[in-house]
Amino acid sequence: VVIWRVVSISKSQNHTSCISTRVDKFDGDLTKFRGWMFDLIVAVSQVDQELGKVLKGLLARDWKTKSPDKWEAWEDSEVGSELFDRYSSELYGLLCSLTSGEAKSVLKGMADSGSQLDGFKALMVLNKRFDSKTSASLLQAFLEVVNPQGIKSLVDVVSGIHKWEAKVALLK
């Protein structure tokens with residue numbers, strides 16, 4: 001399912017910026033999560049670069065010491081209160097409209113538990129659930145790098161190299 005979403009964000013009280021972007025719905029397929037997250041961050045960054053940078057920073061954090069569902073915006077210096085107040089509920093709504101299946105169930109579980117409909121926290125919870133870096137997934141990624149798929153024709157060489165470099169970058 002592909003949806004078109006127009007997001008308008010007020011940059012100041014007198015100016016509104018609109019952008020139309022295409023983002024596929026994410027249904028919980030682990031193999032598609034990183035691509036979906038990349039598309040989402042790019043779309044958000046087109047609307048507000050600061051928000052995109054903050055989201056990328058939150059997703060890059062190591063959440064081994066503290067679970068994302070225990071995260072609070074007021075404790076986080078990277079996410080200012082103004083940015084949080086402006087985007088939290090809108091980001092949650094955007095995530096709900098861009099998910100289905102198991103991914104939507106994760107978001108619905110947040111709402112059913114009575115917690116605030118916080119888009120920042122929801123994004124981190126989705127990331128933890130669907131982009132888990134287990135020993136098995138890291139081994140699989142490593143094996144794909146050291147033993148890449150064969151290239152069948154000369155025209156596929158450049159795209160094959162780019163795919164391989166992307167897999168190498170994921171391991172770093």
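The residue count restarts for each chain, going from 1 along the sequence in the order it is written. The predicted nature of this model means local features are confined to residues of pLDDT at least 70 and side-chain atom pairs, given and counted, to a pLDDT of 80 or more, with totals for whole chains, interfaces and linings taken over all residues. Side-chain measures here rest on the full set of heavy atoms in the structure, leaving out hydrogens and waters.

Would you mind going over helix 4 (residues 101–112) with me for this structure?
The periodicity of an α-helix, 3.6 residues per turn, causes residues three or four positions apart to be oriented the same way. The end-to-end C-alpha separation of helix 4 is 16 Å, in line with the 16 Å expected for 12 residues at 1.5 Å each. In this scheme, a residue with accessible area under 20% of its type's maximum is buried, one over 50% is exposed, and one in between is partly exposed, where area comes from a 1.4 Å probe on protein chains only. Under the DSSP-based scheme used, a helix requires at least four consecutive residues in state H or I and a strand at least two consecutive residues in state E, with every element numbered from the N terminus. Every buried residue of helix 4 is listed here: Ala103, Leu107 and Met110. Seen from one end, helix 4 has its buried residues packed into an arc of 50°, which puts them on one side. Immediately beyond the C-terminal end of helix 4, within one or two residues, lies glycine 114, with a positive phi of roughly 90°. What a helix should span is 1.5 Å times the count of its residues minus one. Each C-beta atom gives one direction from the helix axis, and the arc is the one those directions make.

How do you make sense of the packing of helix 1 (residues 33–47) against helix 5 (residues 119–130) when you look at a structure like this?
To describe two helices that pack against each other, one gives the angle between their axes and the distance between the axes. Relative to each other, helix 1 and helix 5 sit at 155°, their axes nearing to 11 Å. By the criterion of interaxial angle, the relationship of helix 1 to helix 5 is roughly antiparallel. Read as a crossing pair, helix 1 and helix 5 show a hand that is left-handed. Of the residues in helix 5, those in contact with Phe33, Trp36, Met37, Leu40 and Ile41 of helix 1 are Leu123, Leu126, Asn127 and Phe130. Interaxial angle, 0 to 180 degrees, is taken between N-to-C directions of lines fitted to C-alpha atoms, where a helix line uses only the stretch in contact. If an angle is under 35 degrees, it is roughly parallel; if it is over 145, roughly antiparallel; if it lies from 65 to 115, roughly perpendicular; otherwise it is oblique. In this scheme the crossing of two helices becomes right-handed for a clockwise turn of the near helix relative to the far one and left-handed for an anticlockwise turn of less than a right angle. Contact between two residues is taken to exist if any of their heavy atoms lie within 4.5 Å; hydrogens are not considered.

Explain helix 2 (residues 49–60) here, please?
With 12 residues, helix 2 extends 16 Å from end C-alpha to end C-alpha; this agrees with the ideal 16 Å at 1.5 Å per step. The set of residues buried in helix 2 consists of Leu51, Gly52, Val54, Leu55, Leu58 and Leu59. Taken down its axis, helix 2 places every buried residue within 165° of arc, on the same side. Exposed side of helix 2, more than 90 degrees from the buried face: Gln49, Lys53, Lys56 and Ala60 are the residues found there. The backbone nitrogen of glutamate 50 lies 2.9 Å from a side-chain oxygen of the residue at the head of helix 2, namely aspartate 48. Pairs of N or O atoms within 3.5 Å make up the polar contacts considered here, provided that, within protein, one atom can donate a hydrogen while the other can accept it, and that residues adjacent in sequence are counted only when both atoms are side-chain atoms.

Before we go on, may I ask you to explain the pattern of salt bridges in this structure?
Pairing is possible between side chains of opposite charge, provided their charged atoms come close. Within this document, salt bridges are pairs made up of a side-chain nitrogen of Lys or Arg and a carboxyl oxygen of Asp or Glu, the two lying within 4 Å of each other. Scanning all chains against the criterion turns up 8 salt bridges. Note that glutamate 102 and arginine 129 form a salt bridge whose closest N and O atoms lie 2.1 Å from each other. Here glutamate 102, found in helix 4, pairs with arginine 129, found in helix 5; they are 27 residues apart in sequence, far enough to count as distant. Here the salt bridges share partners, and the residues they tie into one network are Asp48, Glu82 and Arg86.

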